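An overview of the molecular structure
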Amino acid sequence: MHRAELILVTGSTGFLGARLVTELLELHPEASLALLVRGRPEQSALDRVAAFVPARHRPRVQVFSGDVTLPDCGLSQEDYRRLAASVTRVIHSAATVRFDHTLEEASQINVEGTRRILDFAAHAPDLQSFTYIGTAYVAGDRTGLVREDELDVGQGFRNTYEQTKCQAEALVRSRQSSLPIVIVRPSIIVGDSRTGVTTSFKMMYWPLKIYARRLWRTVPGSPGAILDIVPVDYVAAATARLAFDPAALGAAVHLCAGSRSSATLHQIATRASEYFRVPAPRYVNPALFFGALRPLLLLTLWGRRRRILHDGRAYRSYFSMRMQFDVSIAERLLAPHGLQPPPVMDYLDRLLRYCTDSDWGRKQTAAL
Ligand SMILES: NC(=O)c1ccc[n+]([C@@H]2O[C@H](COP(=O)([O-])OP(=O)(O)OC[C@H]3O[C@@H](n4cnc5c(N)ncnc54)[C@H](OP(=O)(O)O)[C@@H]3O)[C@@H](O)[C@H]2O)c1
């Protein structure tokens, strides 16, 4: 007899996770979901989920209060055993995406947390697939074409996020002979391609915001740097399909714009300059900026601009990337589902409009 689908999702309260939950519920109407969610002092795990799961879907959603850094993910022995006995698929999206965590902090969540979810999956007799959400930036400081079957080729990393996500993916790959694993590697995830809506103003939104507000104009990078950006609707739709696709088992899949759909820093900056009606950015060689200009500016700037200079360190060398993500496997696996990433320049205006309409996330808008 066919077993009823029960999908365990971690990271469901996150930017991608919440969208993925909605996609899974819509796409697989027979499936139920089990969400592993951290409670907060002011809000239970159940209340957190009620905030983003539409009421009509709630009967199909079970919520488990847990934390991937705790033994048995913080689940009671009974819940752990019951869940492992009934789960048919796992999608592991929980991670810290902060660039400023120490290696120890990032490892606890990204590596050890992944290990605990893999251990859990190993106790699930009916498991059909284990989908791990990685990142294309495990490629670190590589240049040139990065293939989907590659992982550790001796690259360096810009931050503990990239480093620990690479370690976590290596761990996931090491279990490939015993678990039905699918690895997806998105690039930079941005808002919805049709509405521009985003719940996360991290990553590329921060530099856009300070630029739009005329707080900063100098970009330590090169105009020809490649920005590989994908909308959250594409990443969620692709993940929800690949998690159920036997052809994807054993594959690592770049959910990236690739050469066809990515854009250069100059293309994006030019459009942003027109849209926000601010002067075009000035490009400065990153080595010159970080080696000479930044130390000087730190001596002379105070207040908001000094904070920008400080926070901007996290973006060091993201604006001079010469890396292109190969998407051959993604194209082969997603073509039968009719999915491909839209070109960034086709929906960039919608992203920018949402930024201004929502005052960079401060206001609720009709689109939400
Ligand atoms: N955003 C991007 O541009 C991007 C690009 C490529 C890949 N990815 C990958 O996509 C995945 C989701 O990223 P995101 O952008 O959705 O990040 P996010 O918005 O920061 O969400 C992270 C999720 O992980 C959960 N989490 C963190 N630590 C946890 C712990 N100890 N135990 C249980 N849950 C924990 C968070 O729960 P709380 O709500 O309790 O904090 C949240 O639900 C990550 O694996 C990330 O590496 C993201």
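What this report covers is the structure whose coordinates are included nearby. As the structure is a prediction and not an experimental result, all values here were calculated from the model.

What follows concerns the overall build of the protein chain. Of the regular secondary structure elements, the protein chain holds 13 helices and 15 strands. In summary, the protein chain has a C-alpha radius of gyration of 21 Å against a globular reference of 21 Å for 368 residues, a match within 12%. Referenced to the eigenvectors of the C-alpha coordinate spread, the extents of the protein chain come out at roughly 65 × 45 × 40 Å. Going through the 368 residues of the protein chain one by one, you find that 41% of them count as buried. Put simply, 81% of the contacts in the protein chain that link residues at least 6 apart link residues at least 24 apart.

This next bit is on the site of the ligand. Surrounding the ligand, one finds 27 residues, the nearest of these being Gly11, Thr13, Gly14, Ala94 and Ala95. Broken down by secondary-structure element, the contributors of at least two residues to the shell around the ligand are helix H1 (15–27), helix H4 (103–122) and strand E8 (188–190). Per-element tally for the shell around the ligand: the top contributor is H1, with three residues. Here the residues of the shell around the ligand are counted per class, giving 12 nonpolar, 12 polar and three charged.

Here we come to unusual backbone geometry. Look at Arg214: it is not a glycine, yet its phi comes out positive at around 60 degrees. Topologically, Arg214 is positioned in the loop between helix H6 (205–212) and strand E9 (218–220). Of the residues examined, Arg214 has 11 C-beta atoms within 10 Å and is grouped as exposed. Non-glycine residue Asp359 carries a positive phi angle of around 50 degrees. For Asp359, the location among the structural elements is in the segment after helix H13 (344–357). The class for Asp359 is exposed, based on 9 C-beta atoms found within 10 Å.

Right, let's talk about the packing of H1 against helix H7 (residues 232–242) for a bit. For the pair H1 and H7, interaxial distance at closest approach is 9 Å and the crossing angle is 50 degrees. Classified by the angle their axes make, H1 and H7 are oblique. Note that H1 runs across H7; the crossing there is right-handed. Across the interface between the two elements, Phe15, Leu16, Arg19, Leu20, Glu23, Leu24 and Leu27 from H1 touch Val232, Val235, Ala236, Ala237, Thr239 and Ala240 from H7.

Formed by 102 residues in total, the largest nonpolar core has its most connected members in Val21, Leu33, Leu35 and Val235. The dominant element in this core, judged by the number of residues it contributes, is H7, at eight residues. In contact with Val235, other than residues within four places in its own chain, are Leu16, Pro186, Ile189, Val230 and Leu255.

Okay, the sheet that holds strand E3 (residues 61–65) next. Read from one edge of the open sheet, seven strands run E3-E2-E1-E4-E5-E7-E12, paired in parallel fashion. Either end of the sheet is taken by a strand with one partner, and the two such strands are E3 and strand E12 (252–255). Going across the sheet, the axis of each strand differs from the next one's by a mean of 20 degrees, ignoring polarity. Of the pairings in the sheet, the one linking strand E7 (residues 181–186) to E12 comprises four bridges and is parallel in character. Note on E12: the bridge partner recorded for Ile183 is Ala252.

Moving on, we get to the pairing of strand E4 (residues 89–92). Residue alternation in E4 divides its side chains into two sets, Arg89 and Ile91 and Val90 and His92, and both sets are buried. The sheet contact formed by strand E1 (residues 6–10) and E4 spans four bridges and is parallel. Its bridge partner lying in E4, Thr10 is registered against His92. Both E4 and strand E5 (residues 129–133) contribute to a ladder of four bridges, which runs parallel. Following the sheet pairing, Arg89 is matched in E5 by Ser129. The parallel pair E4 and E5 is bridged by H4, and the resulting crossover is right-handed.

Along an α-helix, residues three or four positions apart point the same way, because every turn accommodates 3.6 residues. Between its first and last C-alpha atoms helix H5 (residues 160–174) spans 21 Å; for 15 residues at 1.5 Å apiece the expected length is 21 Å, and the two agree. A large share of H5 lies buried, amounting to 11 of its 15 residues. All of the buried residues along H5 are Thr160, Tyr161, Glu162, Gln163, Thr164, Lys165, Cys166, Gln167, Ala168, Glu169 and Val172. Contacts from the buried residues of H5 go to H4, E5 and E7.

Looking now at the packing of helix H9 (residues 265–276) against H13. Interaxial distance between H9 and H13 falls to 11 Å at its minimum, and their mutual angle equals 40 degrees. Put simply, H9 runs oblique to H13. Every pair of crossing elements has a handedness; the one defined by H9 and H13 is right-handed. Only Met345, Leu348, Asp349 and Leu352 of H13 make contact with H9, whose side of the interface consists of Gln267, Ile268, Arg271, Ala272 and Tyr275. Broken down by class, the residue content of the contact of H9 with H13 amounts to six nonpolar, one polar and two charged.

Cut-offs used in this document
- Throughout, a residue's number is its position along its own chain's written sequence, starting from 1.
- At least 70 in pLDDT is required for a residue's local features to be given in this predicted model, at least 80 for side-chain atom pairs to be given and counted, and no such filter applies to totals for whole chains, interfaces and linings, which use all residues.
- By the criteria applied, helices consist of DSSP H or I runs no shorter than four residues and strands consist of E runs no shorter than two, each listed in order from the N terminus.
- Radius of gyration: over C-alpha atoms. The globule rule applied is 2.2 Å multiplied by the number of residues raised to the 0.38 power.
- Any residue with 12 or fewer other C-beta atoms within 10 Å of its own C-beta is exposed, any with 20 or more is buried, and the rest are partly exposed; the C-beta atoms used are placed from the backbone.
- Contact definition: two residues whose C-beta atoms, as placed from backbone geometry, lie within 7 Å.
- Nearness here has a simple definition: the residue's C-beta atom, placed using the backbone, must lie within 6 Å of the molecule or strand.
- Residue classes follow a fixed rule: Ala, Val, Leu, Ile, Met, Phe, Trp, Tyr, Cys and Pro count as nonpolar, while Asp, Glu, Lys and Arg count as charged, and any other residue, Gly among them, counts as polar.
- As a rule, the C-alpha atoms of each element are fitted with a line to give its axis, helices using only the stretch in contact, and angles between N-to-C directions run from 0 to 180 degrees.
- Under this scheme an angle from 65 to 115 degrees is roughly perpendicular, one under 35 degrees roughly parallel, and one over 145 degrees roughly antiparallel; angles in between are oblique.
- Working rule for handedness: look at the near helix, and if it is turned counterclockwise from the far one by less than a right angle, call the crossing left-handed; if clockwise, right-handed.
- In these notes, a nonpolar core means any group of buried Ala, Val, Leu, Ile, Met, Phe, Trp, Tyr and Cys residues linked to one another through C-beta atoms within 7 Å.
- A strand pair is defined by DSSP finding two or more bridges across the two strands.
- Seen with the strands pointing away from the viewer, any crossover whose path from the first strand over the helix to the second strand runs clockwise is right-handed.
- One fewer than the residue count of a helix, multiplied by 1.5 Å, yields its expected span.

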